[in-house]
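Here is what each chain is made of, one letter per residue.
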Amino acid sequence: MQRKQLLIGGLWREPTNAKFEEIRSPFDQRVIGEVSIAGLSDVESALVAAEKGAHLWRRTPAHKRVTILLKAAALADERAEEIAQIISAENGKAIGEARGEASRSGEIIRLAAFEGSQLYGSTLPLDANVGTGQEKIGFTLRQPVGIVVAISPFNYPALLVLHKLAPALAAGNAVVLKPARTTPLTALALAQCFLDAGLPEGVLSVLTGSGAELGDALVSDKRVRKVSFTGSTVTGEHISRIAGIKKLSLELGASCPVIVLKDADLELATNSIALGGYVNAGQVCISVQRVIVDESIMADFLNLLAPKVSAITTGDPGSVDTKMGTLISAKEAARVNATIQKAVADGAKLLMGGQIDGSIMQPTILTHVDPRSSIAQDELFGPAIAVSSATSVAQAIDLANSTSYGLGSGVFTRDVSAAIQAAREIDSGIIDINWTPLWRADLMPYGGLKSSGIGKEGVRSAVEEMTEVKTVVLHGQPWNPA
Ligand code: NAP
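Residues numbered from 1 in each chain as written. Predicted model: local features only at pLDDT ≥ 70, side-chain atom pairs only at ≥ 80, totals over all residues. Heavy atoms only, no water.

This next bit is on the overall build of the chain. Of regular secondary structure, the chain possesses 16 helices and 25 strands. For 482 residues, the compact-globule formula gives about 23 Å, and the C-alpha radius of gyration of the chain, at 24 Å, lands near that figure. C-alpha atoms of the chain, sized along the principal axes, occupy 80 × 65 × 40 Å. Each of the 482 residues in the chain was classed as buried or not, and the buried ones make up 56%. (Helix = DSSP H or I, 4+ residues; strand = E, 2+ residues; numbered from the N terminus. Rg over C-alpha atoms; globule rule 2.2 N^0.38 Å. Buried < 20%, exposed > 50% of the residue type's maximum accessible area, 1.4 Å probe, protein only.)

Another aspect to go through is the site of the ligand. Around the ligand lies a shell of 30 residues, among which Ser152, Gly211, Ser232, Leu252 and Glu379 are the nearest. Between the ligand and Gly211, the relevant distance is 2.8 Å, taken from an oxygen atom to a main-chain nitrogen or oxygen of the residue. Separating a nitrogen atom of the ligand from a backbone N or O atom of Leu252 is a distance of 2.8 Å. In the complex, the protein chains occlude 86% of the 910 Å² of accessible area that the ligand would expose alone. When atom positions are compared with the pocket grids, the ligand is found to occupy the largest pocket. Listed by contribution, the elements that provide at least two residues to the shell around the ligand are α8 (211-220), β11 (224-230) and α9 (233-242). Classifying every residue of the shell around the ligand by side-chain character gives 14 nonpolar, twelve polar and four charged. For the shell around the ligand, the two domains that each supply at least three residues are domain 1 (3-252 + 452-470) and domain 2 (256-433). (Near = heavy atom within 4 Å. Polar contact = N/O pair within 3.5 Å; in protein donor to acceptor, adjacent residues only side chain to side chain. Areas by Shrake-Rupley, 256 points an atom, 1.4 Å probe, with all protein chains shown as cover. 1 Å grid on protein atoms, 1.4 Å probe; cavity = no way out; pocket = protein on both sides within 12 Å on 5 of 7 lines; lining within 4 Å. Sits in = over half its atoms within 2 Å of the grid points. Nonpolar A, V, L, I, M, F, W, Y, C, P; charged D, E, K, R; others polar. Domains from an automatic or database assignment.)

When cut into domains, the chain gives domain 1 (3-252 + 452-470) and domain 2 (256-433). Look at where the C-alpha atoms of domain 1 and domain 2 centre, and you get two points 31 Å apart. At the junction of the two partners, domain 1 supplies 19 residues and domain 2 supplies 25 residues. Between domain 1 and domain 2, a total of about 1,700 Å² is buried, with carbon and sulfur atoms accounting for 57% of that surface. Area buried by domain 1 at its contact with domain 2 is led by Phe27, Phe154 and Ser452, which between them contribute 31% of it. When contributions to the side of domain 1 that touches domain 2 are tallied by element, the ones reaching two or more residues are α3 (80-91) and α4 (95-103). (Contact = heavy atoms within 4.5 Å. Buried area = accessible area lost by both parts, 1.4 Å probe.)

Let us look at helix α12 (residues 330-345). With 16 residues, α12 should cover 22 Å at 1.5 Å per step; its first-to-last C-alpha distance of 22 Å lies within 8% of that length. Of the positions making up α12, those classed as buried are Glu332, Ala333, Val336, Asn337, Ile340 and Ala343. In an axial view of α12, the angular spread of the buried residues amounts to 130°, which keeps them on one side of the axis. Exposed side of α12, more than 90 degrees from the buried face: Lys331 and Ala345 are the residues found there. Against the buried residues of α12 lie β15 (349-352), β16 (356-357), β17 (360-361), β18 (364-367), α13 (374-377) and β19 (384-390). Positive phi appears at Gly347, one or two residues downstream of α12, with a value of about 120°. (Expected span 1.5 Å × (residues − 1). Arc of directions from axis to C-beta.)

A few words now on the packing of helix α5 (residues 105-116) against helix α6 (residues 159-170). Between α5 and α6, the shortest axis-to-axis distance is 8 Å and the interhelical angle comes to 25°. If you check the angle between α5 and α6, you find them roughly parallel. In the crossing of α5 with α6, the sense of the turn from one axis to the other is right-handed. Of the residues in α6, those touching α5 at Ser105, Ile108, Ile109, Ala112, Ala113 and Gly116 are Leu159, Leu162, His163, Ala166, Pro167 and Ala170. The residue makeup of the contact of α5 with α6, split by class, is nine nonpolar, three polar and no charged. (Axes fitted to C-alpha atoms, helices over the stretch in contact; angles between N-to-C directions. Parallel < 35°, antiparallel > 145°, perpendicular 65-115°, else oblique. Left-handed = near helix turned anticlockwise from the far one by under 90°.)

Attention now moves to the pattern of salt bridges. Per the stated rule, a full pass over the model turns up 21 salt bridges. In this structure, the salt-bridge partner of Asp28 is Arg30, at a minimum N-O distance of 3.2 Å. Put simply, Arg223 and Asp221 hold a salt bridge, and the shortest N to O gap is 2.9 Å. By relative accessible area, Asp221 is classed as buried at 17%. One network of salt bridges, with partners in common, ties together Glu44, Asp221 and Arg223. (Salt bridge = Lys/Arg side-chain N within 4 Å of Asp/Glu carboxyl O.)

Further remarks concern the pairing of strand β8 (residues 147-151). For β8, the tally of buried residues reaches five of five residues, placing the bulk of the element in the interior. Residues Ile147, Val149 and Ile151 point to one face of β8 and Val148 and Ala150 to the other, with burial holding for every one of them. Pairing of β8 with strand β9 (residues 174-178) involves five bridges; the strand directions are parallel. Bridge assignment links Val149 to a residue of β9, and that residue is Val176. Assessed by its sense of winding, the connection that carries the chain from β8 through α6 to β9 is right-handed. Where β8 lies against β11, five bridges are found, and the strand directions are parallel. Bridged to Val149 within β11 is Val227. (Pairing = 2+ DSSP bridges. Right-handed = clockwise from strand over helix to strand, strands pointing away.)

Attention shifts here to empty space enclosed by the protein. For the coordinates displayed, the defined rule picks out five cavities of 30 Å³ or more. The space that makes up the largest cavity amounts to roughly 80 Å³. Taken together, 14 residues make up the lining of the largest cavity; nearest its centre are Gly282, Val284, Ser287, Gln289 and Phe381. Here the lining of the largest cavity is built from residues that sort into eight nonpolar, five polar and one charged. Put simply, the second largest cavity is a space of about 60 Å³. Surrounding the second largest cavity, 15 residues form its lining, Pro257, Arg290, Tyr405, Gly406 and Leu407 being those nearest its centre. For the lining of the second largest cavity, the secondary structure elements donating two or more residues are β13 (256-260) and β20 (405-406). Residue composition of the lining of the second largest cavity, by class: seven nonpolar, six polar and two charged. (Points joined across faces, edges and corners; volume = space filled by probe spheres on them.)

Shown next, in the form of structure tokens:
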């Protein structure tokens, strides 16, 4: 087993405090690897290196950046199986899902490489402003922000790292990445693809260790011009309080609703919900948490849904027969289970599930859920859905909007008017008609409203948010027409 050093400005180095920690499988606790625990002096070294890296990379022509990113993408493709094995081992994700996640790596890097080569500006019609003649020319120029700090969560250790790294690098920024403490090995394997592709010194650092210890130093530093954070709303609020004057993207928590109207295709709706509530053991920000079903079709809906959910197999994440792997830890499984038991005590009915065995939880359906109760209002981040009823489109939309979050939502209906009404009235950053919110194309704008965050990811949006616009005006002298 290899002991991983810190990546400081593209060079592997021992952590200054010489501390390391083991990364263990959430399924059977076997040791997967060993990583460095960075300290505050390593943060300083990474930022010093990033200043030099940002200076160099910003002045590297876009076509050279593209060439390096395309090589990194090809390496990520070649190493997809190795990366999938690391994801499944350290995260507990079923190997089939881990392969799906790893196989998107190369494509995200390619999409970002393209967007980084498209930093167009615009020409300003200055003479339309009273008092300004044709002797002036104005245009906008886009440039990288400089140093981007990227902080990522455990649940998609490849995807969510790459949605920050790839656009930041493509746009010409230096990056200091702090991956989740439980899943750092995937981030290190991906970083190696960029190094092997020829990323110059200084441009990329990966600091493994504790977010609580390193976070404030990274986020509040004035040399950092952008913080791109994905994680819980609590941590996001803390970051927004201490960041100071810099760009911020916060991709935070959610309690995503799905509405099933009385004219819905119930086969489609139940197939989609049986996926959307349980992929990655429900540890997805766009997971289906609340299902709001028209009262008149409730019995048919549950009859169709129940066998599909009970067919989800759990167990060893490394086995191809396992559909749903573990939660990130036994502690998390116990927390999710306690929330479900509390919902039952508050009056919800347990249709299936609600048992845990270490870090594995059985897929769960709760019905008769009071939409104001904690199981509906607070983020669950586990493999359970909470079903409530509504009697009209308007009431269903009101319930969908009734939490402090607004990341994703889904609506099942064959009625175009109801779909348009829902698209206009639901306050969420992403709305899927005839699918659940658990769907993402890596190029689409992706981000939440309300307490689900600020800013958008998706490669084009991320490149935009990781660059600055300058306005340039050339002041000529008026001339006499010939
Ligand atoms: P988390 O506890 O907030 O951690 C996220 C990252 O922040 C980790 O790298 C963590 O480091 C770091 N961190 C912890 N304290 C910090 C601090 N004081 N300053 C700076 N960074 C700090 O979230 P999680 O449990 O890993 O992830 C689950 C959450 O992420 C859920 O709420 C989920 O909805 C959200 N999420 C949102 C999206 C989205 O697109 N909206 C996508 C995925 C996940 P350590 O690991 O070392 O603590």
